Amino acid sequence: MYPFRFQRPLSETETYTALTSSPTARAIAGGTTLVDLMRDTVERPDLVVDINPLPWRAVETTGRGLRIGALARMSDVAATPGLAASHRVLVEALLASAAPQIRNMASIGGNLMQRTRCPYFRDPAVSQCNKKTHNAGCAAIGGYNREHAIFGTSDQCVATHPSDLAVALLALDAQLVLRSRNGERRSMLEEFMLLPGGTPMREHDIIPGELIAAVEIPANALGRQSRYIKIRDRGSFEFALVSAAVALDMRGGTVHGARIAVGGVGTKPWRLRQVESALVGFPINEDRLNLAMNHVAIGAKPLAENGFKVELLKRTLKRTIHEAGAIA
Amino acid sequence: MDDVTRRHFLHGTGIAGSMSLLDPLGGQALAKPSAHALLHAPALAPAHAKTAPPPPPPSPFAVPVSLTVNGQKHDLVLDPRSSLLDTLREHLGLTGTKKGCDQGACGACTVLVDGRRVLSCLTLAAVASGSDVETIEGVADAHGKLHPVQQAFVDHDAFQCGYCTPGQIMSGIACIHEGHAGTDEEVKEWMSGNLCRCGAYVNIVAAIRDASAKS
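Quick caveat, the model's predicted, so the values are computed rather than measured.

### Focus: the sheet that holds strand 9 (residues 225-231) of chain A
All names here are of chain A.
Part 1: Strand order across the open sheet formed by four strands is 9-10-11-12, with antiparallel pairing between neighbours. Each edge of the open sheet is held by one strand with a lone partner, namely strand 9 and strand 12 (270-271).
Part 2: When strand 10 (residues 242-251) meets strand 11 (residues 254-263), the two strands line up antiparallel, connected through nine bridges. The residue of strand 11 that forms the bridge with S243 is G263.
Part 3: Across the sheet, helix 5 (residues 88-95) is in contact with strand 9 and strand 10; its angle to strand 9 comes to roughly 20 degrees.

Structure, rendered in structure tokens:
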């Protein structure tokens, strides 16, 4: 780990001043992703700013819907009374993430800012990574890529976005509240997460010195009948091979509205709008699900070792829709 | 041999040399034992036992860190890079908390911070400043009577090499306190952050279920 200065500002204004005082400054909350990346020397901040004193921990219902403070810890959000009934997909995604110790530490904002688990990105001995160095090449495209993405890839980067929470939030139409010394703005999660394209080093629509202050989930009928199912190489404490977040608005046995996002398969959490459209207006049955699954692989670009993800995704998604539809 | 602890024995037998590869401060902290020391390790042990390793050179960016560990307050000045794990082991001499992977993947470094189980390897000591920390050294009572989870690990033979055990016990204490030890399946899921490469899982689950039932 390279040396860095450490500051714990006690006000929001001082926090932004500290974060903008150096181009490599990094904010730290739980540290579960940043400390690891600093130890791997992938992140080399010269200043680490502790943002834990900021008063952004509440989980509350507001006029806009559900608001989750960015410094709330994953375990505390998952244990929020009533949340498993109102937003089951969110609680299931949180509890499928990492392990209890990490969920006790990791903040909601940090979870959304976590970086890919691509082994080439994290290995300090590998220089061939366009996320680490501009135009250095991508070792994964012709190398080990079993766990990499099939959606949203480019010839520069095929790394998978690792967050479960972000997949659930995408299925709930979440937006982020971003604050900086210039004030406050909002960004839809789907637009906040960037595709790698020709600039894989740029992962988020965020400016230096800006922080995620909260996540907002609009009040609507989609949260109650929702599920998150995650498929991985071992039963727990593992990143997703594929995952599916499904939120349904069922009326009279028919799908009135649907939101479907999938994880473990995209360079960012991936929304499947054509599958949603194939469900709306119909009851959920085997024939309809099979028809809808024909739309899953549209745009998918499997690599040499991850072609299995296409079929695994179809089966996982089918099961998740079925189980979300079965919630009484 | 009464005064010879496991750690001194390892040092005295020359394993310290290889351990320093795993331990970034070990090379500075531990001199290679002489032949004389090897022959007379038990005699040297008591004096060595009470000497904490010397601290690393001060960092130009050093920050004050205040921690209450097992009820005792410590005011330290640390390099901001110091993890809570290295602080416990290298600065406070509390070597019960183990360094397994040092990347948040194994749970051997689990401690309680303000009553919650966390990974001390991914916790910067500076971020934890002001917190209450409880380690494996603090769980037995003042008379040395084992904590019920410690006793259950003994009763159920819930370890082989023992390296993951302090982390398993700290995590198990929290798991029971959280109310996540009601069934074997629940324990397996909520203890998934603690790996045991010896594969003592069946007995670990039994120990935690037993301690939970008695609590």
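### Quick look at the side chain of E92 of chain A
Part 1: Here E92 of chain A is to be found in helix 5.
Part 2: Once residues within four sequence positions are removed from consideration, E92 of chain A is found in contact with S226, R227 and Y228 of chain A.

### A look at the packing of helix 8 (residues 148-155) of chain B against helix 11 (residues 201-214) of chain B
Residue and element names in this part refer to chain B.
Part 1: Where helix 8 contacts helix 11, the two axes come as close as 8 Å, and the packing angle between them is 135 degrees. Regarding the angle of helix 8 to helix 11, the classification is oblique. Crossing of helix 8 over helix 11 shows right-handed handedness. Across from P148, V149, A152 and F153 in helix 8, the residues of helix 11 making contact are I204, A207, I208 and A211.
Part 2: For the contact of helix 8 with helix 11, the per-class residue count stands at eight nonpolar, no polar and no charged.

### Focus on the interface of chain A and chain B
Part 1: Tallying the contact residues gives 32 residues for chain A and 31 residues for chain B.
Part 2: Per-residue buried area on chain A facing chain B is highest for F6, R39 and Q101 of chain A; these three make up 24% of the total on that side.
Part 3: Here chain A and chain B share two salt bridges between them.
Part 4: The salt bridge involving D76 of chain A is made with R116 of chain B; its shortest N-O contact spans 3.0 Å.
Part 5: Applying the counting criterion to the chain A and chain B interface returns 15 residue pairs in polar contact (both at pLDDT 80 or more).
Part 6: By residue class, the composition of the side of chain A that touches chain B is 14 nonpolar, nine polar and nine charged.

### Here we look at the environment of I231 of chain A
Residues and elements named next belong to chain A.
Part 1: Take I231: it is sitting in strand 9.
Part 2: In this structure, the C-alpha to C-alpha distance between I231 and V242, residues eleven residues apart in sequence, is 5.5 Å.
Part 3: Apart from the residues within four sequence positions on either side, I231 is in contact with A240, L241, V242, L312, T316 and R319.

### Things to note about the sheet that holds strand 4 (residues 59-62) of chain A
All names here are of chain A.
Part 1: In space, the five strands of this open sheet follow the order 4-5-8-6-7, with antiparallel pairing throughout. Each having just a single partner strand, strand 4 and strand 7 (183-188) make up the two edges of the open sheet. Direction aside, neighbouring strands of the sheet carry axes that sit 25 degrees apart on average.
Part 2: Judged from the five bridges that link them, strand 5 (residues 65-69) and strand 8 (residues 211-218) form a sheet pairing that is antiparallel. Considered in strand 8, the bridge of G69 is made with A214.

About the criteria used
- Residues numbered from 1 in each chain as written.
- Chains lettered and ligands numbered in written order.
- Predicted model: local features only at pLDDT ≥ 70, side-chain atom pairs only at ≥ 80, totals over all residues.
- Heavy atoms only, no water.
- Pairing = 2+ DSSP bridges.
- Helix = DSSP H or I, 4+ residues; strand = E, 2+ residues; numbered from the N terminus.
- Contact = heavy atoms within 4.5 Å.
- Axes fitted to C-alpha atoms, helices over the stretch in contact; angles between N-to-C directions.
- Parallel < 35°, antiparallel > 145°, perpendicular 65-115°, else oblique.
- Left-handed = near helix turned anticlockwise from the far one by under 90°.
- Nonpolar A, V, L, I, M, F, W, Y, C, P; charged D, E, K, R; others polar.
- Buried area = accessible area lost by both parts, 1.4 Å probe.
- Salt bridge = Lys/Arg side-chain N within 4 Å of Asp/Glu carboxyl O.
- Polar contact = N/O pair within 3.5 Å; in protein donor to acceptor, adjacent residues only side chain to side chain.

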